[in-house]
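Architecture at a glance
In case you want the letters, here they are:
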Amino acid sequence: EPEVTQTPSHQVTQMGQEVILRCVPISNHLYFYWYRQILGQKVEFLVSFYNNEISEKSEIFDDQFSVERPDGSNFTLKIRSTKLEDSAMYFCASRVLAGVGNEQFFGPGTRLTVL
Amino acid sequence: ILNVEQSPQSLHVQEGDSTNFTCSFPSSNFYALHWYRWETAKSPEALFVMTLNGDEKKKGRISATLNTKEGYSYLYIKGSQPEDSATYLCAIEAGGTSYGKLTFGQGTILTVHP
């Protein structure tokens with residue numbers, strides 16, 4: 001069964017470093033998302049991406065964040081200069097279409113630890 | 001800001017018990033409700049997507065109902081098994097221009113004891 005995959009499963013980085021989190025969405029899906037969950041808090045939306053551009057982003061998704069679909073299969077989230085408060089589980093999701101009844105399929109997450 | 005609340009936060013039941021938990025959301029601007037089952041170190045697994053007031057959906061021993069007028073959904077598990085132990089998340093998709101953005105509740109952690 002097709003699934004969303006994410007790498008790495010766990011990343012440890014120093015504050016101020018750049019990180020790139022990678023996702024491979026399900027192949028025929030058209031909408032892509034990043035969410036994150038800080039420990040003890042709700043899963044929160046970061047950004048949605050469709051037709052090679054950002055369709056919606058949250059207040060969290062500031063200039064330090066960017067997304068890219070570099071080669072038609074991968075979908076990446078880059079954090080330019082990590083802060084301690086960026087430590088969280090980051091989930092990628094994809095769906096075939098937006099619209100009624102369409103599921104979002106999630107990857108297993110990347111746990112980012114910023115020291 | 002859309003606020004989605006789930007209760008209880010955690011639940012311990014014995015194998016064979018039936019259980020249910022609640023997801024509450026603002027009824028205005030509602031588009032769809034998603035239920036997910038999330039086991040540690042695995043991908044959140046989609047259980048149901050519900051859109052219509054009065055919707056009832058079932059998958060095996062798990063079922064869900066939706067009341068969009070009063071802004072709540074119930075998830076039921078009949079005859080709980082240890083393998084049902086997981087965090088159950090609900091998420092709301094609002095209407096308007098959002099491109100499928102989901103707003104999540106805090107989850108209900110279910111532990112089923114053998």
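So, here's what we can say about the structure. (Residues numbered from 1 in each chain as written. Chains lettered and ligands numbered in written order. Predicted model: local features only at pLDDT ≥ 70, side-chain atom pairs only at ≥ 80, totals over all residues. Heavy atoms only, no water.)

Right, let's talk about the overall build of chain B for a bit. When you go through chain B residue by residue, the secondary structure sums to zero helices and 11 strands. Relative to a compact globule of 114 residues, whose C-alpha radius of gyration would be 13 Å, chain B shows 14 Å and is just as compact. With the principal axes as the frame, chain B shows a C-alpha extent of 45 × 30 × 20 Å. In chain B, of all internal contacts separated by at least 6 residues, the share reaching a separation of at least 24 is 54%. Carbon and sulfur atoms form 48% of the exposed surface of chain B, whose accessible area is close to 5,400 Å². When the 9 basic and 11 acidic side-chain charges of chain B are each reduced to a single mean position, those positions are 5 Å apart. (Helix = DSSP H or I, 4+ residues; strand = E, 2+ residues; numbered from the N terminus. Rg over C-alpha atoms; globule rule 2.2 N^0.38 Å. Contact = heavy atoms within 4.5 Å. Areas by Shrake-Rupley, 256 points an atom, 1.4 Å probe, with all protein chains shown as cover. Lys, Arg positive; Asp, Glu negative; His and termini not counted. Charge placed at Lys NZ, Arg CZ, Asp CG, Glu CD.)

Applying the stated criterion across every chain, the model contains 18 aromatic pairs over all chains. Ring geometry for Phe-106 of chain A and Phe-104 of chain B: centres 6.0 Å apart, planes at 80°, overall edge-to-face. Within this pair, whereas Phe-106 of chain A is found in strand E10 (residues 105-106), its partner Phe-104 of chain B is found in strand E10 (residues 102-104), the two belonging to separate chains. For the pair Phe-106 of chain A and Phe-104 of chain B, one class covers both residues: buried. A network of ring pairs unites the aromatic residues Tyr-33, Tyr-35, Phe-45, Phe-91 and Phe-106 of chain A together with Tyr-36, Trp-38 and Phe-104 of chain B as a single cluster. (Phe/Tyr/Trp six-rings, centres within 6.5 Å; stacked < 30°, edge-to-face > 60°. Buried < 20%, exposed > 50% of the residue type's maximum accessible area, 1.4 Å probe, protein only.)

Moving on, we come to unusual backbone geometry. Going from Thr-7 of chain A to Pro-8 of chain A, the amide bond is cis rather than trans, its omega being -10°. Along the chain, Pro-8 of chain A turns up in the loop between strand E1 (5-7) and strand E2 (10-13). Residues other than glycine seldom take positive phi values, yet Asn-52 of chain A does so here, at roughly 65°. Mapping Asn-52 of chain A onto the fold places it in the loop between strand E5 (43-50) and strand E6 (53-57). Residue Ala-41 of chain B is not a glycine yet carries a positive backbone phi of 70°. By the secondary structure assignment, Ala-41 of chain B is in the loop between strand E4 (30-38) and strand E5 (45-50). Owing to a relative accessible area of 70%, Ala-41 of chain B belongs among the exposed residues under this scheme.

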